[in-house]
Amino acid sequence: MNIFISADIEGIAGVMRKEQCSPGNVEYQLARGLMEQEVNAAIDGAFRGGATRVVVADSHAQMVNLRAENIDQRAHLIQGKPRSLSMIDGLEQQRFDGLICIGFHTAAGEKGVLAHTINSRAFWQVIINGQVMGETDIYAAAAAECNTPLLLVSGDDHLQQWVTNHYPQTGYACVKRAISNTAAESLSPQASRELIAHRVEQAVKRGERVVSRRITPPFQLELRVMNPLLADIYSLIPGVTRQDGVTVSYRATTMKQLIGLLSTLSYLAAA
């Protein structure tokens, strides 16, 4: 049984400030250590649940947060960017029996710890087919194109409610309670690890094979950006249409196309 784990940092227990998520800060070194621990807990739970192969995609920022020497040696590790499927790149390389999202967070414009979608400095809201979409939604939809079900997500209590509402068949490990965008009540690292390992083991053993399809093609993107200049720049790209001062749109037939566009737009914002 093949299991794919995508790992972000904002939804990790003990993480609630932007400086914890940014290399160059002392707090980041502590946060990446907590991220590694939760990823290892998920790897262990997957193998205990019956997985024979586990692939982990380091998926925060520049995607080089996980130190290879600190990761369970039974797992394969994907790092670096750009990647065509970004946070789940590698999922298309072979058949995977389930996707697990560790350390995820709520969507831009929603309540939750460090809520954003892909780029917190550029994207104010991502809407696809008329629905607000977070990273969990985007990559669950991309995984669905590979016929891979979303088995489990971990993060805060606001994301838990989101997942419960939109993906009722998906398991969840709630490791913290959001107090505000930059404040949280977290489980201890040990308690978080134990919870994640247990919930992942349960999810893999349960073997839920219902592929989550919250949205279906074609995919109509409406991207609301932080300022009009970004919309000016984005609308120069063929196929991207200006809707108003801060909104652009794009139509795609696959989520891979849409993820490629969003990744490109995110890069352009940093240029």
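Only a predicted model underlies this, so the values are computations on that prediction, with no experimental measurement involved. (Residues numbered from 1 in each chain as written. Predicted model: local features only at pLDDT ≥ 70, side-chain atom pairs only at ≥ 80, totals over all residues. Heavy atoms only, no water.)

Participant: What's the story with helix 3 (residues 157–166) in this structure? I'm lost.
Facilitator: Residues lying three or four places apart along an α-helix face the same way, a consequence of the helix completing one turn every 3.6 residues. Buried within helix 3 are the following residues: Leu 159, Trp 162 and Val 163. Buried residues of helix 3, seen end-on, are gathered within an arc of 95° and therefore sit on one face of the element. Contacts from the buried residues of helix 3 go to strand 6 (131–132), helix 2 (135–145), strand 7 (150–156) and strand 8 (171–180). Near the N-terminus of helix 3, the side chain that reaches the backbone nitrogen of His 158, with its oxygen 3.0 Å away, is that of Asp 156. (Buried < 20%, exposed > 50% of the residue type's maximum accessible area, 1.4 Å probe, protein only. Helix = DSSP H or I, 4+ residues; strand = E, 2+ residues; numbered from the N terminus. Arc of directions from axis to C-beta. Contact = heavy atoms within 4.5 Å. Polar contact = N/O pair within 3.5 Å; in protein donor to acceptor, adjacent residues only side chain to side chain.)

Participant: Help me understand the packing of aromatic side chains, please; the structure alone is not making it clear to me.
Facilitator: The description of two aromatic rings rests on the distance between their centres and on the angle between their planes. Inspection of every chain in the model, using the stated rule, returns one aromatic pair. Judged by centre distance (5.3 Å) and plane angle (85°), the rings of Phe 4 and Phe 96 are edge-to-face. Placement of the pair is Phe 4 in strand 1 (residues 2–7) and Phe 96 in the loop between strand 3 (76–78) and strand 4 (98–102), with a sequence separation of 92 residues. Each member of the pair, Phe 4 as well as Phe 96, is classed as buried. In this structure, Lys 81 packs its charged tip against the face of Tyr 267, placed 5.3 Å from the ring centre. (Phe/Tyr/Trp six-rings, centres within 6.5 Å; stacked < 30°, edge-to-face > 60°. Lys NZ or Arg CZ within 6 Å of the ring centre and 35° of its normal.)

Participant: Which parts of the structure should I look at to understand helix 2?
Facilitator: The element helix 2 is largely enclosed, with a buried count of ten among its eleven residues. The complete set of buried residues in helix 2 reads Glu 135, Thr 136, Asp 137, Ile 138, Tyr 139, Ala 140, Ala 141, Ala 142, Ala 143 and Ala 144.

Participant: Hey, could you run me through the environment of Gln 131 in this one?
Facilitator: With respect to the helices, strands and loops of the structure, Gln 131 is situated in strand 6. In sequence terms Gln 131 and Ile 215 are 84 residues apart; their C-alpha atoms lie 8.6 Å from each other. Excluding residues within four positions of it along the chain, Gln 131 makes contact with Val 126, Arg 214 and Ile 215. A polar contact is formed between the side chain of Gln 131 and the side chain of Arg 214, at a distance of 2.9 Å.

Participant: Got a minute to help me understand the pattern of salt bridges in this structure?
Facilitator: Two side chains of opposite charge can pair, provided their charged atoms sit close to one another. On inspection of all chains with the given rule, the structure shows ten salt bridges. Note that Glu 36 is salt-bridged to Arg 67, the shortest N-O span being 2.8 Å. On the criterion of sequence distance, the pair formed by Glu 36 in helix 1 (residues 26–48) and Arg 67 in the loop between strand 2 (53–58) and strand 3 is long-range, its members being 31 residues apart. Residue classification places Glu 36 among the buried residues on the basis of a relative accessible area of 4%. (Salt bridge = Lys/Arg side-chain N within 4 Å of Asp/Glu carboxyl O.)

Participant: I would appreciate a short explanation of unusual backbone geometry in the present structure.
Facilitator: As a rule of thumb, non-glycine residues mostly have phi less than zero, and peptide bonds are mostly trans rather than cis. Residue Pro 82 is bonded to the preceding Lys 81 through a cis peptide linkage, with omega at 10°. Along the chain, Pro 82 falls in the loop between strand 3 and strand 4. The residue after Pro 217, namely Pro 218, is reached through a cis peptide bond having omega 0°. Phi angles above zero are rare outside glycine, and Ile 118 is one such case at about 70°. Position of Ile 118 relative to the elements: it lies in the loop between strand 4 and strand 5 (123–128). The class for Ile 118 is partly exposed, based on a relative accessible area of 26%.

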